[in-house]
Amino acid sequence: MNKPLTISSSAARRLAIRVQRLDQIPAKQGKKQMMAIIRQLGCLQIDPINVVARSPLLVLWSRLGPYDLAHLESLLWEDRFLFEYWAHAASLVLVEDFAIFQYQMRAFSRGDGSWGRRVRSWMAANEPFRQYILDELASRGPLFGNEIEDRSLQPWKSSGWTNTRNVSTMLGFMWEQGDITVMRREGSGFGLKKQWRSLEHFMPKRINAPELSQWQVVKIAAQKSLKALGAATEKQIQNHYIRGGYPELALVLEELVREGTVQQLAISENGNRWPGDWYIHADNLSELDEVQGNGWQGRTTLLSPFDNLIADRERTEQLFDFYYRSEIYTPKTKRKYGYYVMPILSGDQLIGRIDPKMDRRSHTLHVNAVYRERDVSDSLE
């Protein structure tokens, strides 16, 4: 086996920022540039929190600057280049990657765990209810959840907020197993009210396409994850894109290395090698050369708490020496920084964080506090 390529921790950070398209804003603005960024990232996590803006909108803003929201809505609802499904969380994903998510749809609730058995049992008991929803969508067209009658035969039992919320629970399970998808969202700024349609109607050409084997899915998804990370360990690949959906990943990586598609890597900081086996995709080697040479620029921007760059909190801490946890569900008296805190990226460092809130009546962004990380100087390059 060839000796792994050794790079500095600074090069690893810069590569991560480069492949995340955070180092510079595209010269042109449009759907083409937006689509290129989403294709590189692989997914945009959806989150209901709207303190500043919905997370997918912030992720794009961090990379594009001011942009036309109509471009994203067109890519979703008119062009249908994107759809909603589960990646490392509920996300906007690419229709061109449908075969990867189709495998997840087939695997939905097939596990031997108590949750899978419970879902299968409830779905079986309510099969007439499921069929009624499909029939309603076929005859009436796209429907919001409140337009669907609760015809469940057995109510969903839960100790939480989903208890007896039979329509929304059934819609959620049907979405996960690939019966239906979100056709449109109502409300400004990527609203929460979802209109549903059969998946077959939304993307008819994809439904009957050849299915991929588990090995093929993992091989393709692992490469997408690695390309979006830059340099990464097996665990970091596992935690990104289709988080936890990489059975036999170690064997897949061995094959990719033998093929020359992926190369092993070592990261060194102050003469000390970071632990673990690191990998880089061959397609990223030219970008690595650029960030190690004169091709690095860097810029300053804010990141959504759910930004792809920091989605893996342990990786963020290792790569940037930046400890970050969301305090949204932390009691107010126990919060260290604030309810909705956005990290500040500057150059190849996460230099601080802000606690902001948007006043939508006055269209004013209020910053409650700014926190500077330790060892960050007053003047930055």
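What counts and how
- Residues numbered from 1 in each chain as written.
- Predicted model: local features only at pLDDT ≥ 70, side-chain atom pairs only at ≥ 80, totals over all residues.
- Heavy atoms only, no water.
- Pairing = 2+ DSSP bridges.
- Helix = DSSP H or I, 4+ residues; strand = E, 2+ residues; numbered from the N terminus.
- Contact = heavy atoms within 4.5 Å.
- Axes fitted to C-alpha atoms, helices over the stretch in contact; angles between N-to-C directions.
- 1 Å grid on protein atoms, 1.4 Å probe; cavity = no way out; pocket = protein on both sides within 12 Å on 5 of 7 lines; lining within 4 Å.
- Points joined across faces, edges and corners; volume = space filled by probe spheres on them.
- Nonpolar A, V, L, I, M, F, W, Y, C, P; charged D, E, K, R; others polar.
- Expected span 1.5 Å × (residues − 1).
- Buried < 20%, exposed > 50% of the residue type's maximum accessible area, 1.4 Å probe, protein only.
- Arc of directions from axis to C-beta.
- Core = buried A, V, L, I, M, F, W, Y, C linked by side-chain atoms within 4.5 Å.
- Salt bridge = Lys/Arg side-chain N within 4 Å of Asp/Glu carboxyl O.

Undergrad: Even after reading the chapter, I still don't get the sheet that holds strand S7 (residues 193–198), so can you show me in this structure?
TA: The pairing of strands in a sheet comes from backbone hydrogen bonds and takes either a parallel or an antiparallel form. On the basis of which strands lie adjacent, the open sheet formed by 3 strands has the order S5-S7-S6 and antiparallel pairing. Of all the strands in the sheet, just strand S5 (143–144) and strand S6 (180–186) have a single pairing partner and so form its edges. Sheet analysis places S6 next to S7, joined by 6 bridges and oriented antiparallel. Counterpart to valine 182 in the pairing with S7 is tryptophan 196. Its contacts with the sheet put helix H8 (residues 166–176) on S6 and S7, and the angle it makes with S6 is roughly 120°.

Undergrad: Looking at this structure, how should I read empty space enclosed by the protein?
TA: Where empty space is left can be seen by rolling a probe of water-molecule size over the atoms. The tally for this structure, following the rule as stated, stands at 2 cavities of 30 Å³ or more. Taken together, Pro305, Tyr324, Arg325, Ser326, Glu327, Ile328, Tyr337, Gly338, Tyr339, Tyr340, Val341 and Arg353 make up the full set of residues lining the largest cavity. In terms of residue class, the lining of the largest cavity is made up of 7 nonpolar, 2 polar and 3 charged. In this structure, the second largest cavity occupies an estimated 30 Å³ of space.

Undergrad: What am I meant to see in the layout of surface pockets here?
TA: Taken as a whole, the largest pocket encloses approximately 1100 Å³ of empty space. As for the largest pocket, its lining consists of 27 residues, of which Trp161, Ser168, Gly172, Trp175 and Lys194 are closest to the centre. Broken down by secondary-structure element, the contributors of at least two residues to the lining of the largest pocket are strand S3 (82–86), H8, S6 and S7. Of the residues assigned to the lining of the largest pocket, the class counts are 14 nonpolar, 6 polar and 7 charged.

Undergrad: Quick question: what am I supposed to make of helix H6 (residues 114–125) here?
TA: Residues that lie three or four places apart on an α-helix share one face, since the helix turns once every 3.6 residues. In a regular helix each residue adds 1.5 Å, so 12 residues correspond to 16 Å; H6 covers 17 Å between its end C-alpha atoms and thus fits that length. Listed as buried for H6 are Gly116, Val119, Trp122 and Met123. Buried residues of H6, seen end-on, are gathered within an arc of 135° and therefore sit on one face of the element. Facing away from the buried side of H6 by over 90 degrees, the exposed positions are Ser114 and Ala124. On its buried face, H6 sits against helix H7 (127–140) and H8.

Undergrad: Just checking my understanding: could you explain the nonpolar core for this structure?
TA: Most often, soluble globular proteins keep nonpolar side chains buried together rather than apart. Counting 73 residues, the largest nonpolar core has Ile38, Leu72, Phe83, Ile133 and Tyr246 as the members making the most contacts within it. Core analysis: the next-biggest nonpolar cluster, separate from the first, contains 28 residues, Ile7, Val19, Leu288 and Leu303 among them.

Undergrad: Would you take a moment to explain the sheet that holds strand S12 (residues 300–302) for this structure?
TA: With antiparallel pairing, the 4 strands of this open sheet are ordered in space as S12-S13-S14-S15. Unpaired on one side and paired on the other, S12 and strand S15 (364–372) mark the two borders of the sheet. Strand-to-strand twist across the sheet, computed as the mean angle between neighbouring axes with direction ignored, equals 30°. With 5 bridges connecting them, strand S13 (residues 342–346) and strand S14 (residues 349–359) associate as antiparallel partners. From the neighbouring strand, isoleucine 344 faces S14, where its bridge partner is glycine 352.

Undergrad: Got a minute to help me understand the pairing of strand S9 (residues 262–269) in this structure?
TA: Look at any regular strand and the pattern is simple: side chains alternate between the two faces of the sheet. Relative to S9, strand S1 (residues 5–8) runs parallel, the two being bridged by 4 bridges. Along S9, the bridge assignment pairs leucine 5 with leucine 265. Relative to strand S11 (residues 278–281), S9 is paired through 4 bridges, and the arrangement is antiparallel. Across the sheet, residue leucine 265 finds its bridge partner in S11, namely tryptophan 278. Pairing of S9 with strand S10 (residues 272–273), which is carried by 2 bridges, proceeds in the antiparallel orientation. Following the sheet pairing, glutamate 269 is matched in S10 by asparagine 272. Between S9 and the antiparallel strand that follows it, S10, lie 2 residues; asparagine 270 among them carries a positive phi value of about 55°.

Undergrad: Can you walk me through the pattern of salt bridges in this structure?
TA: Side-chain pairing between opposite charges can occur once the charged atoms of the two side chains come close. Taken as a whole, this structure holds 22 salt bridges when the rule is applied. Salt-bridge contacts for glutamate 211 lead to arginine 106; the nearest nitrogen and oxygen are separated by 3.1 Å. With a gap of 105 residues between them, glutamate 211 in the loop between helix H10 (204–207) and helix H11 (214–229) and arginine 106 in helix H5 (residues 98–107) connect regions that are remote in the sequence. According to the relative accessible area criterion, arginine 106 is partly exposed, its value standing at 21%. The residue glutamate 136 makes a salt bridge to arginine 140 at a minimum N-O spacing of 2.6 Å. Here arginine 140 and glutamate 136 lie together in helix H7, a separation of 4 residues that amounts to about one turn.

Note that all results are geometric; they support no functional claim without further evidence.
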